[in-house]
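# What the coordinates show
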Amino acid sequence: MPTKTASKRSSGTKQSAQRRVTEVVAPENERPMRKTIDLGDIEDLQILNEEGEVDEALDPNLSEDELKKIHRAMVMTRKFDIRMLAMQRQGEMGTFAPGLGQEATQIGQVYPLNAKDWFSPSYRSFGAQLWRGWTLDGLMLLWAGYYEGFEIPEGINDTPFSIVIGSHVLPATGLGMAAKIRGDKSVVVTNFGDGASSQGAVAEAFNFASVYKAPVIFVLENNGWAISIPAEKQAAVREFARRGAGFGIPSIRVDGNDILGMIVASQQAADHGRAGKGPYLVEAVTYRMSVHTTADDPKVYRKEDEVKAWEAKCPIRRFEIYLRNKGILDDADFERIGKECEAEILEAREKFRARAKAKPREVFDYLYTEMPPELKEQQEEYFRKLDRKGVE
Amino acid sequence: MPQMTMVQALNLALDQSMESDDRVCLMGEDIGVNGGVFRVTQNLLKKYGENRVMDTPLAECSIIGTAVGMAMYGLKPVPEIQFSGFTMQAFDQIEQNMARMRNRSRGRYPISMVMRAPYGGGIRAVEHHSESREAYWAHTPGLKCVIPSGPRNARALLKAAIDDPDPVVFYEPKAVYRAFKEDVPDEPESMEIGKAKVAREGNDLTMIAWGAMMRPAAEAADDLADLHGIDVELIDLLSIKPMDTETIVNSVSKTGRCLIVQEAPQTCSVASEIIARLNEKAFEYLIAPIKRVSGYDIIFPYYQTEQHYLPDPDTVIEAAKDVMAWE
Ligand SMILES: Cc1ncc(C[n+]2csc(CCOP(=O)(O)OP(=O)(O)O)c2C)c(N)n1
């Protein structure tokens, strides 16, 4: 059945308390006897617009302390990003996937989580990982190719980030199913890209989560691109949030560069899961401002103008306008916070440098609970090879 | 003859096959506008258009599954899987349809398609980007699997794979992609699938390798001759399945000794199969047990340590000396 999108996006002012919806409606029908199926409305949420104007009726009115903490996390994410890129260019870091411009999407999605909840991210998630408690130097180790970087910080239930596109979404769904079986109130947030949404495994995860009413929050980060493939070529519909409807998953489309919108949407999704109502799909509409990874050259496939246009939608800038207008932080504070974050990162870099020692003797570890004798034999042979080469 | 890298040679083979046969079409992630993440398909979209060079959504299972359908219709799809690690997403379609459709349709639908995928380690890639799983494809009835080792044979072998009436897994050693150049003739050049090549003749020891392992093997063979007086016959396997048992058996019948160098994990590997065949067909000629220098049965190490995992010339030389120690 063909559908038509009628977006009731009101232009300009932010006075309206109306949340906008993307209607999924059937076309005018020439044969009125034919019935249509109601697929439900999909909410399209923005609270803080590009100019930093807030829709007051929707403002979650977080405390000053909370707002400051969120702001700092977003700045830290950006500074880390820039530093990692520099380190890569200087030969100190491996292939790295920057998240420039996606800071609100990152912090917002994990904001409602507590330590016992689960977070199962894809690779472009260091912002959210830092919020969850992963350390700066740990993430540096990870991206620089050292095993220690994979160590999951004590006290949180996170999974290693996934590099194989979409493959983590099914295990994340299983986590949600298990939480439900055990009667726990934990929820699972799992994120993936617009590209990943094309994977069969992701569709299968939607179905399982929905059938078993698993408390899984699917955060689909629509950043416009999957390496060189624009979202328009990835899917024939513009709103990925529509994907939920066919699986019976309530869905919301949110301005992923609006931290308040992201927090409200994620909170509502988490509440839904905790109430035993099952999964939720959050499409965060954002933009990959930087290269896909340091191995990529976007000049080959996308126009600079497009990137420029998104600069105006910067999630940090608009949040700073909001904070300034509320009298919570001023320009001097912003400068100070930037410097503090930078200093913290440089300190972490020193720690990283001290820890950055390859440990070739570890490559057989953690494969089995108990190493089978035949593997032990291979390990011994490998150790002899290292001995011969004088490798520690 | 122009000098080319393996990337350029593969591009040339694709270009010439597309030029001469309009049934040949390419599909894959980032292969069109971007020209492939390794640039193997560069400029082909411009030349042949969107119907024949398809930038697909991000779904390997869909890529291989739909390629099978296109092959059934009579096209000759050459899908690219961006890294061989992601062929796992397509395993269902490879095993159930690509490998079996000809048989299940009693010959009605031959699947003339080539699944290209860069494999192997050595380029400091992130996790899941360095595996060598050629044994999976050799193990699947109905598939062929070939692996070139240099620009010139890559070009010829890719043409042969595209011209083949059956499904071929074409594994590209990405460590070799830009490692060196070779003369590659302008004229289309092909080679027989199922034939190995004696890359260096010798009388003391047969060494067998393929893909990226040909380089450390060749280097070791040179050193063994120069420094240890051991005359190695080096065989470039080229075709994993079908395998050129005859060339291997002939060589080992002559030398009486054999060393296999492979990057893949050891258990149930291609090396295991070579040893089994030699056991069946050349046992009476063997002077020493056949040895393998192999990857280990572990997950491919993170890249700070990958160089220790990968077979290197020194390790090959040590192993060769072991084999030679048998009287
Ligand atoms: C299964 C699989 N196929 C292909 C790749 C190679 N690859 C890495 S990232 C990427 C694009 C991902 O795009 P998207 O899901 O939109 O996430 P984004 O990178 O934009 O955050 C591709 C094709 C992979 N890592 N895993």
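Worth saying up front: this structure is predicted, and the values here are computed from it rather than measured.

Before going further, it helps to spend a moment on the overall build of chain B. On a plain count of helices and strands, chain B comes out with twelve helices and 14 strands. Taking 20 Å as the expected radius of gyration for a compact globule of 327 residues, we find that chain B reaches 20 Å, a close match to that expectation. Principal-axis analysis of the C-alpha atoms gives chain B an extent of 60 × 40 × 40 Å. Burial statistics for chain B: of 327 residues in total, 60% are counted as buried. Across chain B, the fraction of contacts at a sequence separation of at least 24, relative to all contacts at a separation of at least 6, is 83%. Here chain B displays about 12600 Å² of accessible surface, and carbon together with sulfur accounts for 48% of that area.

The subject of this paragraph is the site of the ligand. Around the ligand sit 21 residues in total, of which A:Y123, A:R124, A:G195, A:W225 and B:E60 are the nearest. At the ligand, the nearby residues belong to more than one chain, namely chains A and B. One of the backbone nitrogen or oxygen atoms of A:I163 is found 2.8 Å away from a nitrogen atom of the ligand. Summarising the interface, the protein chains cover 96% of the accessible area of the ligand, which totals 590 Å² for the free molecule. Looking at the shell around the ligand, its residues break down into ten nonpolar, seven polar and four charged.

So, on to the interface of chain B and chain A. Each partner contributes to the interface: chain B provides 39 residues, whereas chain A provides 43 residues. Between chain B and chain A, a total of about 3500 Å² is buried, with carbon and sulfur atoms accounting for 57% of that surface. With a shortest N-O distance of 3.7 Å, A:K233 and B:D55 are connected by a salt bridge. Of all elements in the fold, only α11 (306-309) and α12 (313-324) of chain B reach the threshold of two or more residues within the side of chain B that touches chain A. Examining the composition of the side of chain B that touches chain A, we find that three residues originate from one element, α11(B), more than from any other.

Time to look at the domain arrangement of chain A. The domain boundaries assigned to chain A delineate domain 1 (43-355) and domain 2 (360-389). The C-alpha-based centres of domain 1 of chain A and domain 2 of chain A are spaced at 38 Å.

This part takes up a negative patch on the surface. A contiguous patch of negative charge on the surface is contributed by A:E232, A:E304, A:D305, A:E306 and A:E311. Mapped onto the secondary structure, A:D305 falls in helix α9 (residues 304-311).

Residues and elements named next belong to chain B. Direction vectors running N to C along helix α1 (residues 6-20) and helix α7 (residues 151-163) enclose 30°, while the axes themselves pass 8 Å from each other. When the axes of α1 and α7 are compared, the pair comes out roughly parallel. α1 and α7 meet at a crossing whose hand is right-handed. Between α1 and α7, the contacting residues are M6, A9, L10, L12, A13, L14, Q16 and S17 on the first element and P151, A154, R155, L158, K159 and I162 on the second. Looking at side-chain class alone, the contact of α1 with α7 contains ten nonpolar, two polar and two charged residues.

The subject of this paragraph is the sheet that holds strand β11 (residues 232-236) of chain B. All names here are of chain B. Taking strand neighbours across the sheet as the criterion, the five strands line up as β9-β11-β10-β13-β14 in an open arrangement whose pairing is mixed. Looking at the sheet topology across the chains shown, the edges are occupied by β9 (197-200) and β14 (291-293). If you compare each strand with its neighbour and ignore which way they point, the axes differ by 25° on average. Bridging between strand β13 (residues 258-261) and β14 involves three bridges; their strand directions are parallel.

All right, on to the packing of aromatic side chains then. One pass over the structure, following the stated rule, counts 29 aromatic pairs over all chains. An angle of 35° between the planes, with centres 5.5 Å apart, marks the rings of A:F96 and A:F126 as tilted. Of this pair, A:F96 sits in the loop between α1 (64-89) and α2 (103-110) while A:F126 sits in helix α3 (residues 126-132), placing them 30 residues apart in sequence. The class for A:F126 is buried, based on a relative accessible area of 2%. Centre to centre, the rings of B:F91 and B:W137 are 5.3 Å apart; their planes meet at 40°, and the pair counts as tilted. Pair noted here: B:F91 is in helix α4 (residues 91-98) and B:W137 is in helix α6 (residues 134-139), with a separation of 46 residues, a long-range link. Overall, B:F91 belongs to the partly exposed group, its relative accessible area being 26%. We classify B:W137 as buried; its relative accessible area is 0%. Counting every residue linked through ring pairs, the aromatic cluster contains A:F364, A:Y382, A:F383, B:Y296, B:F300 and B:Y309.

Cut-offs applied
- Think of each chain on its own: its residues are numbered from 1, step by step along the sequence as written.
- Numbering of ligands from 1 and lettering of chains from A proceed in the order in which they are written.
- Restriction of local features to residues with pLDDT of at least 70 applies here, the model being predicted, together with a cutoff of 80 or more for giving and counting side-chain atom pairs; totals for whole chains, interfaces and linings are based on all residues.
- Each side-chain value is worked out from all heavy atoms of the structure, with water and hydrogens disregarded.
- Labels follow the DSSP assignment, with helices taken as runs of H or I lasting at least four residues and strands as runs of E lasting at least two, numbered in each case from the N terminus.
- The globule rule used here is 2.2 Å times the number of residues to the 0.38 power, and the radius of gyration it is set against is calculated over C-alpha atoms.
- The classification of residues rests on relative accessible area computed with a 1.4 Å probe and restricted to protein chains. Under 20% of the type maximum is buried, over 50% is exposed, and intermediate values are partly exposed.
- Any two residues whose heavy atoms approach within 4.5 Å are treated as being in contact.
- Every accessible area reported is derived by Shrake-Rupley at a probe size of 1.4 Å, with residue values counting cover from the shown protein chains alone.
- Here, proximity means that at least one heavy atom of the residue falls within 4 Å of the molecule or strand.
- Two N or O atoms form a polar contact when they lie within 3.5 Å of each other; inside protein one atom must be a possible hydrogen donor and the other a possible acceptor, and for residues adjacent in sequence the pair counts only when both atoms belong to side chains.
- Just so you know the grouping, Ala, Val, Leu, Ile, Met, Phe, Trp, Tyr, Cys and Pro go in nonpolar, Asp, Glu, Lys and Arg go in charged, and all remaining residues, Gly too, go in polar.
- Each of two parts loses accessible area, computed with a 1.4 Å probe, when they are put together; buried area is these two losses added.
- Salt bridges are counted wherever a side-chain nitrogen of Lys or Arg sits within 4 Å of a carboxyl oxygen of Asp or Glu.
- Where each domain starts and ends comes from a domain assignment, either automatic or drawn from a database.
- In this analysis, a patch consists of residues with relative accessible area above 30% that form no salt bridge, clustered at 9 Å for like charges and at 5 Å for the nonpolar side chains Val, Leu, Ile, Met, Phe, Trp and Tyr.
- Residues scored as charged are limited to Lys and Arg (positive) and Asp and Glu (negative), so that His and the chain ends carry no count.
- By convention, charge coordinates are those of NZ in Lys, CZ in Arg, CG in Asp, or CD in Glu.
- Structural elements are reduced to axes, namely lines fitted to C-alpha atoms, with helices fitted over the stretch in contact, and the angle between N-to-C directions of any two is expressed from 0 to 180 degrees.
- By the definition adopted for this analysis, an angle is roughly parallel if under 35 degrees, roughly antiparallel if over 145, roughly perpendicular if from 65 to 115, and oblique otherwise.
- Crossing handedness: left-handed means the near helix sits turned counterclockwise from the far one by under a right angle, and right-handed means the same turn made clockwise.
- The rule for pairing is simple: two strands pair if DSSP sees at least two bridges between them.
- In summary, the pairing rule links any two rings of Phe, Tyr or Trp, Trp by its six-membered ring, whose centres are within 6.5 Å, and it sorts them by plane angle into stacked for under 30 degrees, edge-to-face for over 60 and tilted for everything else.

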